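Each chain, letter by letter, is given below.
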Amino acid sequence: NRTINWTGPQYQNLSQVTNQIKPSSTVGLAINTTITGTNLDINISMGFANTTINSKLVVYIVEDDLFHTQANYSSNLYGGLSSIPNFEYDGVLRAVVSSNAWDVITVTGNQVQKNYKVAIPSNVSNICNAKVVAFLVDSNGRVLNVRESNTELNQTLELIK
């Protein structure tokens, strides 16, 4: 939720992250994407159990399966190598789609849609490895729900409670 400083070493304290995950939300998300030429059409559907909620939508394009050399500053990981060749990077931020880091969502019913048409970022190596990540935060910056989708995939709106 971008408000917690994690206790290190983080790879030994995964429960501090997983304990933040809630089994349900009052907000549902669905991401539908289509590639049209060199553009990515993104439709975000949001369902709300409470129509008086103030929220902000954040949308990113990320890319998986990137391989580069990674510096290693820990003698406990990867055999203590100073650099790790062919290290796999996933979820690398390629573009922020939402304007000014977020778009304010005005809820006028139980379902709202937001559409974006963006050029496929030139720094994306392989669009097949790209994903769209959407998350809603409340007015205090707390994450209400987050979802990701591969490109050219249509999702069903999640159930809300």
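Structure first, text after, so check above.
Residues numbered from 1 in each chain as written. Predicted model: local features only at pLDDT ≥ 70, side-chain atom pairs only at ≥ 80, totals over all residues. Heavy atoms only, no water.

Participant: So, the environment of Lys131: which residues are in play, and what are the values?
Facilitator: Mapped onto the elements of the fold, Lys131 is located in strand β9 (residues 130-138). Expressed as a C-alpha distance, the spacing of Lys131 and Asn72, which sit 59 residues apart in the sequence, is 27 Å. Separated by 3.1 Å, the side chains of Lys131 and Asp64 make a polar contact. (Helix = DSSP H or I, 4+ residues; strand = E, 2+ residues; numbered from the N terminus. Polar contact = N/O pair within 3.5 Å; in protein donor to acceptor, adjacent residues only side chain to side chain.)

Participant: Give a detailed account of the side chain of Ser149, specifying residues and quantitative values.
Facilitator: Tracing the sequence through the fold places Ser149 in strand β10 (residues 143-150). A residue is classified by how much of its surface remains accessible, and Ser149, at 2% relative accessible area, is buried. Setting aside chain neighbours within four positions, we find Ser149 in contact with Ile31, Lys131, Val132 and Gln155. (Buried < 20%, exposed > 50% of the residue type's maximum accessible area, 1.4 Å probe, protein only. Contact = heavy atoms within 4.5 Å.)

Participant: Tell me what's going on with the nonpolar core, and back it up with residues and numbers.
Facilitator: Membership of the largest hydrophobic core comes to 24 residues, with the highest contact counts inside it found for Ile42, Ile44, Met46, Phe48 and Leu57. Those elements that place two or more of their residues in this core are β1 (27-36), β2 (39-48), β3 (55-63), β8 (111-119) and β9. Residues within four places of Ile42 in sequence aside, it is in contact with Ile31, Asn32, Thr33, Val97, Lys114, Asn115, Tyr116, Val118 and Val132. If you look at the next biggest cluster of nonpolar residues, it comprises five residues, including Val62, Val133, Phe135 and Val137. (Core = buried A, V, L, I, M, F, W, Y, C linked by side-chain atoms within 4.5 Å.)

Participant: Can you break down the pattern of salt bridges residue by residue, with the values?
Facilitator: In the structure shown here, the tally under the stated rule is five salt bridges. Here Glu63 and Arg94 are joined by a salt bridge, their closest N and O atoms 3.0 Å apart. A residue pair is termed long-range when its members are at least 10 positions apart, and Glu63 in strand β3 and Arg94 in strand β6 (residues 92-96) qualify at 31 residues. Where Lys131 meets Glu148, a salt bridge forms, and the shortest distance between an N and an O atom there is 3.2 Å. Of the two residues, Lys131 sits in strand β9 while Glu148 sits in strand β10, which places them 17 residues apart along the sequence. Take Lys131: its relative accessible area is 17%, and that puts it in the buried class. Each of Asp64, Lys131 and Glu148 takes part in salt bridges that share partners, so that together they form one network. (Salt bridge = Lys/Arg side-chain N within 4 Å of Asp/Glu carboxyl O.)

Participant: Which residues make up the packing of aromatic side chains, and what are the values?
Facilitator: All chains considered together, the criterion is met by three aromatic pairs. Taking the centre distance of 5.7 Å and the plane angle of 75 degrees together, the rings of Tyr60 and Phe135 count as edge-to-face. Residue Tyr60 is found in strand β3, and its partner Phe135 is found in strand β9; the two are separated by 75 residues along the sequence. Using a relative accessible area of 9% as the deciding quantity, one classes Phe135 as buried. (Phe/Tyr/Trp six-rings, centres within 6.5 Å; stacked < 30°, edge-to-face > 60°.)

The values reported here are purely geometric and, on their own, carry no functional implication.
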